[in-house]
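# Examination of the molecular architecture
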Amino acid sequence: MTPERKIPERRSRKARRTRDTLAQVAFELVLDRGLRNVTVEEIAEAADVDRRTFSRYFPSKEAAALDSLRGDGDRINAALRARPAPEPPLLAYRRAVLDWLADPKAEAWHRRPRIFELLVVAEEEPTLYAVFHHIRVDAQEDSIAIVADRLGVDSRQDIRPAVTVAAGAGALLAAQAAWVRGGRPDALPERVVEAFDALAETAKEARAAGAEATEAAAETEATP
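Calculation rules
- Residues numbered from 1 in each chain as written.
- Predicted model: local features only at pLDDT ≥ 70, side-chain atom pairs only at ≥ 80, totals over all residues.
- Heavy atoms only, no water.
- Helix = DSSP H or I, 4+ residues; strand = E, 2+ residues; numbered from the N terminus.
- Buried < 20%, exposed > 50% of the residue type's maximum accessible area, 1.4 Å probe, protein only.
- Contact = heavy atoms within 4.5 Å.
- Areas by Shrake-Rupley, 256 points an atom, 1.4 Å probe, with all protein chains shown as cover.
- Salt bridge = Lys/Arg side-chain N within 4 Å of Asp/Glu carboxyl O.
- Phe/Tyr/Trp six-rings, centres within 6.5 Å; stacked < 30°, edge-to-face > 60°.
- Lys NZ or Arg CZ within 6 Å of the ring centre and 35° of its normal.
- Axes fitted to C-alpha atoms, helices over the stretch in contact; angles between N-to-C directions.
- Left-handed = near helix turned anticlockwise from the far one by under 90°.
- Nonpolar A, V, L, I, M, F, W, Y, C, P; charged D, E, K, R; others polar.
- Expected span 1.5 Å × (residues − 1).
- 1 Å grid on protein atoms, 1.4 Å probe; cavity = no way out; pocket = protein on both sides within 12 Å on 5 of 7 lines; lining within 4 Å.
- Points joined across faces, edges and corners; volume = space filled by probe spheres on them.

### Digging into the overall build of the protein
Each helix and strand counted, the protein has ten helices and zero strands in total. Sequence-ordered secondary structure for the protein, helices as α and strands as β, is α-α-α-α-α-α-α-α-α-α. In the protein, which comprises 224 residues, the share counted as buried stands at 38%. Looking at the protein alone, contacts between residues at least 24 apart form 61% of all its contacts between residues at least 6 apart. Roughly 13,100 Å² of accessible area belongs to the protein as shown, and the carbon and sulfur atoms make up 53% of that amount.

### Brief notes about the pattern of salt bridges
If charged atoms from side chains of opposite charge come close, those side chains can pair. In total, this model carries 21 salt bridges according to the counting rule given. Arg83 is paired through a salt bridge with Glu87; the nearest N and O atoms lie 2.6 Å apart. Judged by relative accessible area, Arg83 falls into the buried class, the value being 17%.

### Description of the environment of Leu35
In this fold, Leu35 is placed in the loop between helix 1 (3-33) and helix 2 (40-46). A residue is classified by how much of its surface remains accessible, and Leu35, at 3% relative accessible area, is buried. Between the C-alpha atom of Leu35 and that of Glu62, which follows or precedes it by 27 residues, the distance is 8.0 Å.

### With respect to the packing of aromatic side chains
Tallied over the full model, the rule gives six aromatic pairs. Taking 6.5 Å as the distance between ring centres and 40° as the angle between the ring planes, the aromatic pair formed by Tyr93 and Phe196 counts as tilted. With Tyr93 in helix 6 (residues 89-102) and Phe196 in helix 10 (residues 188-222), this pair connects stretches of sequence that are 103 residues apart. For Phe196, a relative accessible area of 3% translates into the label buried. Grouped by ring-pair contacts, the aromatic residues Trp100, Trp109, Tyr129 and Phe132 constitute a single cluster. The lysine or arginine in question, Arg136, covers the ring of Phe132, its NZ or CZ lying 4.9 Å from the ring centre.

### A word on the packing of helix 6 against helix 9 (residues 160-182)
Following both chains from N to C, one finds helix 6 and helix 9 inclined at 35°, their axes separated by 9 Å at the closest point. Crossing geometry of helix 6 relative to helix 9 is assigned as right-handed. Across the interface between the two elements, Pro89, Leu90, Tyr93 and Val97 of helix 6 pack against Thr164, Ala167, Gly168, Ala169 and Leu172 of helix 9. Residues belonging to the contact of helix 6 with helix 9 are distributed by class as follows: seven nonpolar, two polar and no charged.

### Some words on helix 8 (residues 126-151)
Between its terminal C-alpha atoms helix 8 stretches 36 Å, which fits the 38 Å expected from 26 residues at 1.5 Å a residue. Close packing links the buried residues of helix 8 with helix 4 (61-65), helix 5 (70-82), helix 6, helix 7 (115-124) and helix 9. One or two steps after helix 8, the chain reaches Gly152, where phi turns positive at roughly 70°.

### Brief notes about the layout of surface pockets
Where empty space is left in the structure can be found by rolling a water-sized probe over the atoms. Here the largest pocket defines a volume of roughly 200 Å³. What lines the largest pocket is Arg16, Asp20, Ala23, Gln24, Phe27, Ala64, Ala65, Asp67, Ser68, Arg112, Pro113 and Ile115. Put simply, the parts of the chain that give the lining of the largest pocket at least two residues each are helix 1 and helix 4. Sorting elements by how many residues they give to the lining of the largest pocket places helix 1 first, with five residues. For the lining of the largest pocket, the class distribution of residues is six nonpolar, two polar and four charged.

### What about unusual backbone geometry?
The phi torsion at Asp48 lies on the positive side, around 65°, for a residue other than glycine. In this structure, Asp48 sits in the loop between helix 2 and helix 3 (51-57). Judged by its relative accessible area of 71%, Asp48 is exposed. Of note, Glu107 is a non-glycine position whose phi angle comes to about 50°, a positive value. Position of Glu107 relative to the elements: it lies in the loop between helix 6 and helix 7.

Structure, rendered in structure tokens:
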């Protein structure tokens, strides 16, 4: 490797370390002191950088505190890409989430120290929750592209990928909310199973109701 290539790589590693340090400091300060009792300046000082450096990496203290959650969407999407092609998309999404939860190396939320606390705070702080919402939306956009590829369709023209991801991500969000409010940090996997089971049951009931409505309409048309 030439010296010219080593310099950008060293800079990249240094930038990654700086970002990770800022995120970790923000995460800890927000949990230790509360979101409203922490400033960007305090985060920067604790990370041994200035305010301008902080702003190069994050637009807000909320974004810094939640940065560690961004990788979880990537891990779920990686698991979704790895699911067998014949699986129906919504089933593949469900199993991708369960794969993420079951993988010790992935360190899903219920395995990672203090993530439960962070999500409790996010439920209580509107500005933190808004950033969490944007993180989820970014991950869902990638999920839509993956599902569209699995179906061999253009998601701009075919609504099915977006509907599939909205349903699956909605089940995960419902599970996460129930998990946080339930007060049991180890219960996330069972909440996720409950949520996806509820989604499947609702879809089954909707199909049955639709079939009954179609049959009734057909009988009405056939009546002289």
